[in-house]
Amino acid sequence: MERMNWGSTFAVHQTFESQAGDKIRLEWSGGTLGFITIMAKADFDAGRYGGPYPVASDVSWAVWQVLRSGATVVFAVVEPPNENIQVAAALEKVPLPKLPGTLSHGDLDESQGKALVSQAFDLPNERRGSASSRELKPEGALDDTGPVPALILDDRLCVAAQAHSMNMAELDFFDHRGKDGSSPSSRAAAAGWHWGAGENISAGHATAEGAVRSWMQSTGHRWNMLLAEYTHIGLGVYFKKDDPGTHRYCYYWTMVLGTQGD
């Protein structure tokens, strides 16, 4: 890894060409690291070292999943300074998940499904335009109050969202991680979206109002939906009238939120 002076100490970094869903493993010996972060190369070049992860003194390795495709930098600060420390990073290429070849809304016909998606698209933008809707935030989140720009509906994110709703219903699970191990970012990448992506899921709601209300009543989901950094959105809903599995929610909702980079 390349070394560089960073303030009163020094740091190490390495750049990888990766895609969303890949994993980067960092190992070190002979010393300790103060914090580690991974970021897009454009942010690294601009000196925007956001999202650091503090490192415990008894830890000697860490693994991250890449959230956006493109040039990714692993950056670690050596604290206390120790020129004898040995640091190595390796990229594990993870195949993108295979999305269903044919998507549907289940027991909803096409027009019903599209109507629900349209309603679910309008509601978050109404919330984003209201300063009063942005009062709650997760512990530790930066202040980000006031109206924010409306989200743009994106076909690729809609494909990722619909595929996940369909898979949750038909494969009988309710989780952000797919049965194939996929993540929101890797599913978005498989649909053609190669930037950052986040996700909200909900179940059991027959209306868009019910699904969006459930997200608004959860601080983390609410903040996700109203965060200014998210610029694009995709939505999916799947209805399984006879739902005999462990999770008998019948209605499965997915919202995928995207931050488009350079």
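Preceding this paragraph is the structure being described.
Not measured: the values here are computed from a predicted model.

### Digging into the overall build of the chain
Each helix and strand in the chain was counted, giving 6 helices and 12 strands. For a compact globule of 262 residues, the expected C-alpha radius of gyration is about 18 Å, and the chain comes in at 20 Å, within 12% of that figure. For the chain, the C-alpha atoms occupy an extent of roughly 65 × 40 × 30 Å along the three principal directions. Counting across all 262 residues of the chain, residues that qualify as buried make up 46%. Taking all contacts inside the chain whose residues are at least 6 apart in sequence as the whole, residues at least 24 apart take part in 78%.

### Overview of the pairing of strand β12 (residues 251-259)
In terms of burial, β12 is a largely internal element, 8 of the 9 residues being buried. By the bridge criterion, 8 bridges tie strand β10 (residues 196-203) to β12 in an arrangement that is antiparallel. Bridge pairing in β12 places Glu199 opposite Val256. By the bridge criterion, 8 bridges tie strand β11 (residues 232-239) to β12 in an arrangement that is antiparallel. Across the sheet, Gly234 pairs through a bridge with Val256, a residue of β12.

### Considering the environment of Asn167
Relative to the elements of secondary structure, Asn167 occurs in helix α3 (residues 155-171). Classification of Asn167 by relative accessible area gives partly exposed; the value is 23%. Considered as a pair, Asn167 and Pro100 are 67 residues apart in the sequence and their alpha carbons are 8.3 Å apart. If near-sequence neighbours (up to four positions away) are discounted, Asn167 is found in contact with Pro100, Asp172 and Phe173.

### A few points about the sheet that holds strand β4 (residues 33-40)
An order of β1-β2-β7-β4-β5 is seen for the 5 strands of this open sheet, with the pairing classed as antiparallel. The sheet is open, and its two edges are formed by β1 (2-6) and β5 (53-54), each paired on a single side. As defined by bridge partners, β1 adjoins strand β2 (residues 9-18) across 5 bridges and the pair is classed as antiparallel. Residue Glu2 lies in a different strand from β2, and its bridge partner there is His13.

### As for the sheet that holds β10
Ordered in space as β9-β11-β12-β10, the 4 strands form an open sheet in which the pairing is mixed. Pairing within the sheet leaves two strands with one partner each, and these edge strands are β9 (152-153) and β10. Helix α6 (residues 219-226) contacts β10 and β12 of the sheet and is inclined by roughly 135° relative to β10.

### A look at the pattern of salt bridges
Taken as a whole and judged by the stated rule, the model has 9 salt bridges. With a shortest N-O distance of 4.0 Å, Lys114 and Glu110 are connected by a salt bridge. Note that Lys114 and Glu110 are positioned in helix α2 (residues 110-128) at a spacing of 4 residues, about one turn of the helix. For Lys114, a relative accessible area of 52% puts it in the exposed group. On the basis of relative accessibility, which here comes to 45%, the residue Glu110 falls in the partly exposed class.

### Focus on the packing of α2 against helix α5 (residues 208-216)
With their axes 9 Å apart at the nearest point, α2 and α5 run at an angle of 35° to one another. Crossing geometry of α2 relative to α5 is assigned as right-handed. Of the residues in α5, those touching α2 at Leu116, Gln119, Ala120, Leu123, Pro124 and Arg127 are Ala208, Glu209, Val212 and Met216.

### Topic: unusual backbone geometry
With an omega of -5°, the peptide bond between Glu79 and Pro80 qualifies as cis. Relative to the helices and strands, Pro80 is located in the loop between β7 (70-78) and β8 (86-92). The phi dihedral of Asp172 is positive, around 60°, even though this residue is not glycine. Residues other than glycine seldom take positive phi values, yet Cys250 does so here, at roughly 70°.

### Comments concerning the side chain of Ser18
By secondary structure assignment, the location of Ser18 is in strand β2. What Ser18 contacts, discounting residues up to four positions off in sequence, is Val66, Arg68, Ser69, Gly70, Thr72, Leu91 and Lys93.

Cut-offs used in this document
Residues numbered from 1 in each chain as written. Predicted model: local features only at pLDDT ≥ 70, side-chain atom pairs only at ≥ 80, totals over all residues. Heavy atoms only, no water. Helix = DSSP H or I, 4+ residues; strand = E, 2+ residues; numbered from the N terminus. Rg over C-alpha atoms; globule rule 2.2 N^0.38 Å. Buried < 20%, exposed > 50% of the residue type's maximum accessible area, 1.4 Å probe, protein only. Contact = heavy atoms within 4.5 Å. Pairing = 2+ DSSP bridges. Axes fitted to C-alpha atoms, helices over the stretch in contact; angles between N-to-C directions. Salt bridge = Lys/Arg side-chain N within 4 Å of Asp/Glu carboxyl O. Left-handed = near helix turned anticlockwise from the far one by under 90°.

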